[in-house]
Amino acid sequence: MIDLLVSTVAFPLVVTVLTAGLLLVTVAPLYLALQLADNRGFSTTRWTVVSVVGVLVGLVGAYALHKREGMPSYAVVLPLVLTYLGPIVLLALTPEQSRIGGRAGRHE
């Protein structure tokens, strides 16, 4: 009976933690990049593409390291930094650097 109680509590907890982790490396970088681009007057379309590419490269890199034999398990976390590529670059740019950041059109 105690096994059923533990599994009833543990399973939703594990699913919640994994979902939060997945949101942190997929949705959060995109949202952050869009907010930063909009605040600086840059093209949100350009930074959406940069963020999505960064997320894909980070996730594929983490998966590739996970599949390699002999790699320590904590090394999988290192490529996940690439998921924040868009926001990191946007933090380094100033609003005057519209050549790199792109300009938001009137429709944006």
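On a predicted model such as this, the values are computed, not experimentally measured, just so you know.

**What about the packing of helix α1 (residues 2-40) against helix α3 (residues 85-92)?**
Here comes step 1: Closest axis-to-axis distance for the α1/α3 pair is 8 Å, and the angle between their directions is 25 degrees. Our classification of the angle between α1 and α3 gives roughly parallel. Considering only the axes of α1 and α3, their crossing is left-handed. Every residue of α3 that contacts α1 at P29, L32, A33, L36, A37 and R40 is listed here: G86, P87, L90 and L91.
Here comes step 2: In terms of residue class, the contact of α1 with α3 is built from eight nonpolar, one polar and one charged.

**Points about helix α2 (residues 44-67)**
Here comes step 1: For α2, which comprises 24 residues, the first-to-last C-alpha distance of 34 Å matches the rise-based estimate of 34 Å (1.5 Å per residue) to within 8%.
Here comes step 2: Residues of α2 that are buried: W47, S51, G54, V55, G58, A62 and L65.

**Considering a nonpolar patch on the surface**
Here comes step 1: A grouping of I2, L5, V6 and V9 is seen on the molecular surface, where their side chains present a nonpolar patch of about 390 Å² in accessible area.
Here comes step 2: As for its placement among the helices and strands, I2 is situated in helix α1.
Here comes step 3: What makes I2 exposed here is its relative accessible area of 57%.

**Quick notes on the side chain of S51**
Here comes step 1: Locating S51 in the fold gives a position in helix α2.
Here comes step 2: In terms of polar contacts, S51 uses its side chain to reach the backbone carbonyl oxygen of W47, at 3.0 Å.
Here comes step 3: Contact partners of S51, with chain neighbours within four places excluded, come to P29, L30, A33, G86 and P87.

Scoring rules and cut-offs
- Residues numbered from 1 in each chain as written.
- Predicted model: local features only at pLDDT ≥ 70, side-chain atom pairs only at ≥ 80, totals over all residues.
- Heavy atoms only, no water.
- Axes fitted to C-alpha atoms, helices over the stretch in contact; angles between N-to-C directions.
- Helix = DSSP H or I, 4+ residues; strand = E, 2+ residues; numbered from the N terminus.
- Parallel < 35°, antiparallel > 145°, perpendicular 65-115°, else oblique.
- Left-handed = near helix turned anticlockwise from the far one by under 90°.
- Contact = heavy atoms within 4.5 Å.
- Nonpolar A, V, L, I, M, F, W, Y, C, P; charged D, E, K, R; others polar.
- Expected span 1.5 Å × (residues − 1).
- Buried < 20%, exposed > 50% of the residue type's maximum accessible area, 1.4 Å probe, protein only.
- Patch = residues over 30% accessible without salt bridge, like charges linked within 9 Å, V, L, I, M, F, W, Y side chains within 5 Å.
- Areas by Shrake-Rupley, 256 points an atom, 1.4 Å probe, with all protein chains shown as cover.
- Salt bridge = Lys/Arg side-chain N within 4 Å of Asp/Glu carboxyl O.
- Polar contact = N/O pair within 3.5 Å; in protein donor to acceptor, adjacent residues only side chain to side chain.

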